[in-house]
Amino acid sequence: MIKVIYGAKGTGKTKMMIDAANASVKEAKGHLIYITDSKRYMYDLEREVRFIDTSEYDIAGEPALCGFVKGVIAGNYDNEYVFIDGVVRIAGKPAKELAAFFYMLDKVAKNNNMVITVSVSADKEELPDFITKYL
């Protein structure tokens, strides 16, 4: 399953993502992964959440981000929750150009029985149909 948290910059998306990740620790039986492009909120997460800062990996564009996410997921067989904070920043593309990324996430989530939560910096009216179906 994919969940999307959206809103303009400064609307509290990261706080909602961190709260969701920390709340998931209580019910998770598998691994939790939090992917973002900064170390800024690393210490706000429970220690059971695997924190990954993409700025250390020079991810260039949507195909590289797809490969990175699939590689991280492939690292463990029992991933249960994945949180991707700031997908627009990480991919370096506007939300309307991320169709292939969301297609890949949907396929990976279904095939691995995972919950993937993604934050998108955009107002609701700016979101394309391939994202609004996850609201």
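Throughout what follows, the structure given in this document is the object of discussion.

Definitions and cut-offs
Here the residue numbering is sequential within each chain, running from 1 through the sequence in written order. Only residues with pLDDT of at least 70 get local features here, since the model is predicted, and only at 80 or more are side-chain atom pairs given and counted; chain-wide, interface and lining totals rely on the full set of residues. To obtain the side-chain values, all non-hydrogen atoms of the structure were included, while hydrogens and water were left out. Of the two site types, the cavity is a set of points on a 1 Å grid over the protein atoms alone where a 1.4 Å probe fits but cannot get out, and the pocket is an open set with protein on both sides within 12 Å along at least five of seven lines, each lined by residues with an atom within 4 Å of a point. Grid points are joined across faces, edges and corners, and a volume is the space filled by probe spheres set on the points. Helix and strand labels come from DSSP, where a helix needs a run of H or I of at least four residues and a strand needs a run of E of at least two; each type is numbered from the N terminus. Only Asp, Glu, Lys and Arg are considered charged in this grouping, and only Ala, Val, Leu, Ile, Met, Phe, Trp, Tyr, Cys and Pro are considered nonpolar; every other residue, Gly among them, is considered polar. Should a side-chain nitrogen of Lys or Arg be within 4 Å of a carboxyl oxygen of Asp or Glu, the pair is scored as a salt bridge. We call a residue buried when its accessible area falls under 20% of the maximum for its residue type, exposed when it is over 50%, and partly exposed in between, using a 1.4 Å probe and counting protein chains only. Pairing between strands requires that DSSP locate at least two bridges from one strand to the other. To obtain an axis, a line is fitted to C-alpha atoms, over the contacting stretch when the element is a helix, and the angle between two such axes runs from 0 to 180 degrees between their N-to-C directions. Any two residues whose heavy atoms approach within 4.5 Å at even a single point are treated as in contact. Pairing of aromatic side chains here covers Phe, Tyr and the six-membered ring of Trp, requires ring centres within 6.5 Å, and sorts the geometry by plane angle: under 30 degrees stacked, over 60 edge-to-face, intermediate tilted.

So, about the layout of surface pockets. Space inside the largest pocket adds up to approximately 330 Å³. What lines the largest pocket is a set of 17 residues, among which T14, R40, Y41, D85 and R89 lie closest to the centre. Elements with a minimum of two residues in the lining of the largest pocket: α1 (13-25) and β5 (115-121). Looking at the lining of the largest pocket residue by residue, the class counts come to two nonpolar, nine polar and six charged.

A few words now on the pattern of salt bridges. For the coordinates displayed, the defined rule picks out six salt bridges. D19 serves as the salt-bridge partner of K15, at 3.0 Å between the closest nitrogen and oxygen. Here K15 pairs with D19, and both are found in helix α1, just four residues apart, close to one helical turn. Note that E56 and K39 form a salt bridge whose closest N and O atoms lie 2.0 Å from each other. Residue E56 is found in the loop between β3 (49-53) and α2 (62-74), and its partner K39 is found in the loop between β2 (31-36) and β3; the two are separated by 17 residues along the sequence. On the basis of relative accessibility, which here comes to 39%, the residue K39 falls in the partly exposed class. Connected via shared salt-bridge partners are K39, D53 and E56.

A word on the pairing of β5. Each regular strand displays side chains that alternate between the two surfaces of the sheet. Across the seven residues of β5, six count as buried, placing the element largely inside the fold. Bridging between strand β4 (residues 79-84) and β5 involves four bridges; their strand directions are parallel. By the bridge assignment, V82 is partnered in β5 with I116.

Bringing the sheet that holds β4 into the picture now. Taking strand neighbours across the sheet as the criterion, the five strands line up as β1-β5-β4-β2-β3 in an open arrangement whose pairing is parallel. Since the sheet does not close on itself, it has two edges, and those belong to β1 (2-7) and β3, each with one partner. Strand after strand, the sheet turns through a mean of 15 degrees between neighbouring axes, direction not considered. Where β2 and β3 come together, five bridges link them in parallel fashion. For Y34, the partnering residue across the bridge sits in β3 and is F51. Packed onto the sheet, α1 meets β1, β2, β3, β4 and β5 and runs at close to 165 degrees relative to β2.

Our next topic: the packing of aromatic side chains. Throughout the structure, instances matching the rule amount to seven aromatic pairs. Taken together, a centroid distance of 6.2 Å and an interplanar angle of 10 degrees make the contact between Y34 and F51 stacked. Remark: F51 occurs in strand β3 and Y34 occurs in strand β2; sequence separation between them is 17 residues. Taking the relative accessible area as the measure of exposure, F51 reaches 19% and is therefore buried. Taken together, a centroid distance of 5.8 Å and an interplanar angle of 90 degrees make the contact between F101 and F102 edge-to-face. Of the two residues, F101 and F102, neither departs from the other in class, the shared state being buried. In textbook terms, an aromatic cluster arises when at least three aromatic residues are bridged by ring pairs, as seen for Y34, F51, Y81 and F83.

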